[in-house]
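# Structural features, examined
Here is what each chain is made of, one letter per residue.
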Amino acid sequence: MRRYFCVIILCLCFCATKVSAQQTVTVDALELARVAIFTGNYDAAREVLDVLLKNDPSDVEANFLMAELAVAQGDLDSALSRFTALLIDHPDLVRARLDYAAVLFRAEQDDRAEYNFRLTLAAELPDAARANVMQYLHLIQARRRYQVSAAASIAPDTNINNGISANEINLFGLPFVPDQKLKTKSGTGVMFSVAGEYRYPITGTMSWRTNAMIWGTNYLGSGAFNDNIFRAASGPQWLSGSWGISALGVYTQRWYGSSPFYHGAGVGLEAACSGFSRWRLEGSV
């Protein structure tokens, strides 16, 4: 059966009224397990939940409380396993996802924690819960030390040189036959990007960012139209709530056709806001 009733003599710690020694109080099993976890009586809570799950292994509330029990006892791996199984069957269970994300945060799995916290923001959260989620996201951003990303793809292109396809062009009313160097050329390129960033903490709301990235397109069999760009930046970042603002010194170098094309250095200002339920806004100058 799904639930059974436990009989407790004397008084219950969660009752608001006093009960005499001769009275008997009947309490729901899940409520008993909930109170046992809250008061630190973990063995009693486990006994009750084991019986419930033996009768119905898919009991949502019992599985949720078993995960909460694992969290209370510091067994984060067991809690994560049970929350994961619960959310696979019930992905819309916001309460479980909130607690799951909090456990991921405690386990310092920040990328997964941030992803799940942002999923909860799409739900209708109470103001207090939403503020709590935003605080977690701020803490994740503040303690994140490094980020690395890489991507690659095949890019067929029918006009890698931005040439012309016409066999004849008119200049000032006179017909000309374009040189073969001006005609369109096709090719297959490999597009790639690699980026990395390290943040050195200075204070609780300030860190020093250093990042570098390179991206470009390289065509197979010919380097005449390869296009590669390298960018590096370094400077302080300030975090405040959902806002992050950075002032960076920036250096950029570009190669076109495997030869230096241009380079430049200057100052950049970046700002990002993640205080929205479904959007993250970023801008730079």
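Residues numbered from 1 in each chain as written. Predicted model: local features only at pLDDT ≥ 70, side-chain atom pairs only at ≥ 80, totals over all residues. Heavy atoms only, no water.

This brings us to a nonpolar patch on the surface. On the surface, a nonpolar cluster with roughly 710 Å² of combined accessible area is contributed by Tyr-146, Val-148, Tyr-198, Tyr-200, Ile-202 and Trp-208. Where the nonpolar patch is concerned, the elements lending two or more residues are strand 3 (146-157) and strand 6 (187-201). With respect to the element layout, Trp-208 can be found in strand 7 (residues 206-219). For Trp-208, a relative accessible area of 39% puts it in the partly exposed group. (Patch = residues over 30% accessible without salt bridge, like charges linked within 9 Å, V, L, I, M, F, W, Y side chains within 5 Å. Areas by Shrake-Rupley, 256 points an atom, 1.4 Å probe, with all protein chains shown as cover. Salt bridge = Lys/Arg side-chain N within 4 Å of Asp/Glu carboxyl O. Helix = DSSP H or I, 4+ residues; strand = E, 2+ residues; numbered from the N terminus. Buried < 20%, exposed > 50% of the residue type's maximum accessible area, 1.4 Å probe, protein only.)

Our next topic: the sheet that holds strand 7. Pairing within the open sheet is antiparallel, and its seven strands lie in the order 3-6-7-8-9-10-11. In the strand order of this sheet, the two ends are held by strand 3 and strand 11 (281-284), each with one partner. Taken pair by pair, the neighbouring strands of this sheet meet at an average axis angle of 20 degrees, ignoring direction. The pairing of strand 7 with strand 8 (residues 227-240) spans twelve bridges and is antiparallel. Bridged to Arg-209 within strand 8 is Gly-235. (Pairing = 2+ DSSP bridges. Axes fitted to C-alpha atoms, helices over the stretch in contact; angles between N-to-C directions.)

Moving on, we come to the nonpolar core. In a soluble, globular protein the nonpolar side chains are often hidden away together inside. One finds Leu-49, Leu-52, Leu-65, Phe-83, Val-103, Phe-117 and Val-133 to be the most contacted residues of the largest nonpolar core, which totals 41 residues. If you list the elements that add at least two residues to this core, you get helix 1 (29-38), helix 2 (42-55), helix 3 (60-72), helix 4 (76-89), helix 5 (94-106), helix 6 (110-121) and helix 7 (127-143). Those residues in contact with Val-103, other than ones at most four positions away along the chain, are Val-71, Leu-76, Ala-79, Leu-80 and Phe-83. (Core = buried A, V, L, I, M, F, W, Y, C linked by side-chain atoms within 4.5 Å. Contact = heavy atoms within 4.5 Å.)

This part takes up the pairing of strand 3. The side chains of a regular strand alternate, first on one face of the sheet and then on the other. Counting buried residues along strand 3, only one of its twelve residues qualify, which leaves the element largely exposed. Where strand 3 meets strand 6, twelve bridges bridge the pair, whose relative direction is antiparallel. When the sheet's bridge partners are listed, Ala-152 is paired in strand 6 with Phe-192.

On inspection of all chains with the given rule, the structure shows 13 salt bridges. With its nearest N and O atoms 3.0 Å apart, the salt bridge here joins Arg-199 to Glu-197. Accessibility assignment for this pair places Arg-199 and Glu-197 in one class, buried. One salt-bridge network, in which partners are shared between bridges, spans Glu-197, Arg-199, Arg-209, Arg-231 and Glu-270.

Volume-wise, the largest pocket comes out at about 740 Å³. Looking at the largest pocket, it is lined by 37 residues, and the ones nearest its centre are Gln-141, Arg-199, Arg-209, Arg-280 and Glu-282. Its residues assigned to classes, the lining of the largest pocket shows twelve nonpolar, 15 polar and ten charged. Of the voids in this model, the second largest pocket is the one considered here, and its volume is about 260 Å³. Lining the second largest pocket are Glu-108, Asp-110, Asp-111, Arg-143, Arg-144, Arg-145, Tyr-146, Gln-147 and Val-148. Those elements that place two or more of their residues in the lining of the second largest pocket are helix 6 and strand 3. It is strand 3 that provides the largest number of residues to the lining of the second largest pocket, a total of three residues. Class assignment of the residues belonging to the lining of the second largest pocket gives a composition of two nonpolar, one polar and six charged. (1 Å grid on protein atoms, 1.4 Å probe; cavity = no way out; pocket = protein on both sides within 12 Å on 5 of 7 lines; lining within 4 Å. Points joined across faces, edges and corners; volume = space filled by probe spheres on them. Nonpolar A, V, L, I, M, F, W, Y, C, P; charged D, E, K, R; others polar.)

Attention now moves to the confidence of the model for the protein. Here the protein averages 84 in pLDDT, while 87% of its residues score no lower than 70. Predicted confidence in the protein is weakest over strand 1 (residues 5-9), with a mean pLDDT of 35, and strongest over helix 5, with 95. Below a pLDDT of 50 lies the segment residues 1-22, which in the model reaches 42 contacts outside its immediate sequence neighbourhood of four places, other chains included. (pLDDT = per-residue confidence, 0-100.)

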